[in-house]
Amino acid sequence: MNDTPVVGVLALQGDVREHLIALAAADAVARPVRRPEELAEVDGLVIPGGESTTISKLAALFGLLEPLRARVREGMPVYGTCAGMIMLADKILDPRSGQETVGGIDMIVRRNAFGRQNESFEAAVDVKGVEGDPVEGVFIRAPWVESVGAEVDVLAEHEGHIVAVRQGDALATSFHPELTGDHRVHALFVEMVRAKRVPRSL
């Protein structure tokens, strides 16, 4: 069986193209996902940055919210950046009205915690599981994680705030590694997808 995992990028809003490029560079077959039938064909999924309220409403509109929740519950590997991190939180500290999440990570997330658009910044972040130099984190209206449950592994912090987590097959970062040309975080996720996929081929 071909060992190359097929990884989708939820293509409703946000920096979809950059994630597709980063995934391809990390040796995955990368595809945009807009419909339930496209979701059914991928081994793992990236939920990109953007506006979390808009993404949740569009996911519901496109009939993707329930299929997404089901696949995450079943253990499909999923990686959320920025707004994607909010989408993977079991709880949002200050949700907008009508805002829903996919869930999958036992964490409470604070939206726009690092400030507004004009307070965006870059910082070197040591990410557990990523070899070599620190990852250059691009924080754009980024959330942070207020608290995590016992099953959640904290992978990185910035100034005392949790900015990267993993729970089982779900990974999330506050920052945007797809914007830097450094594909190591995507490579970590692709390895998670590959590891999950192997038993299915036996």
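All values reported here derive from a predicted model rather than from experimental measurement.

J.: Could you give me a rundown of unusual backbone geometry, with the residues and numbers involved?
T.: At Cys82, a residue that is not glycine, the phi angle is positive and equals roughly 55°. Position of Cys82 among the secondary structure elements: in the loop between strand E4 (78-81) and helix H5 (83-88). With a relative accessible area of 4%, Cys82 lands in the buried category. In this structure, Arg141 takes a positive phi of about 45° despite not being glycine. Along the chain, Arg141 falls in the loop between strand E8 (135-139) and strand E9 (144-148).

J.: Summarise the UniProt feature "active site" (unreviewed entry) in the protein; cite the residues concerned and give the values.
T.: Listed under "active site" (unreviewed entry) in the UniProt record, and renumbered for this structure, are Cys82, His176 and Glu178. A maximum C-alpha distance of 11.1 Å places the annotated residues, which cover 97 residues in sequence, within one compact spot. With residues near it in sequence (within four places) discarded, Cys82 still touches Gly49, Ile140, Arg141, Ala142, Pro143, Thr173, Ser174, Phe175 and His176. Relative to the helices and strands, His176 is located in the loop between strand E12 (170-173) and helix H6 (184-201). Each residue touching His176, except ones within four places of it in the same chain, is listed here: Asp15, Gly49, Thr81, Cys82, Val138 and Ile140.

What counts as what
- Residues numbered from 1 in each chain as written.
- Predicted model: local features only at pLDDT ≥ 70, side-chain atom pairs only at ≥ 80, totals over all residues.
- Heavy atoms only, no water.
- Helix = DSSP H or I, 4+ residues; strand = E, 2+ residues; numbered from the N terminus.
- Buried < 20%, exposed > 50% of the residue type's maximum accessible area, 1.4 Å probe, protein only.
- UniProt positions renumbered as here; feature names shortened; annotations may be inferred.
- Contact = heavy atoms within 4.5 Å.

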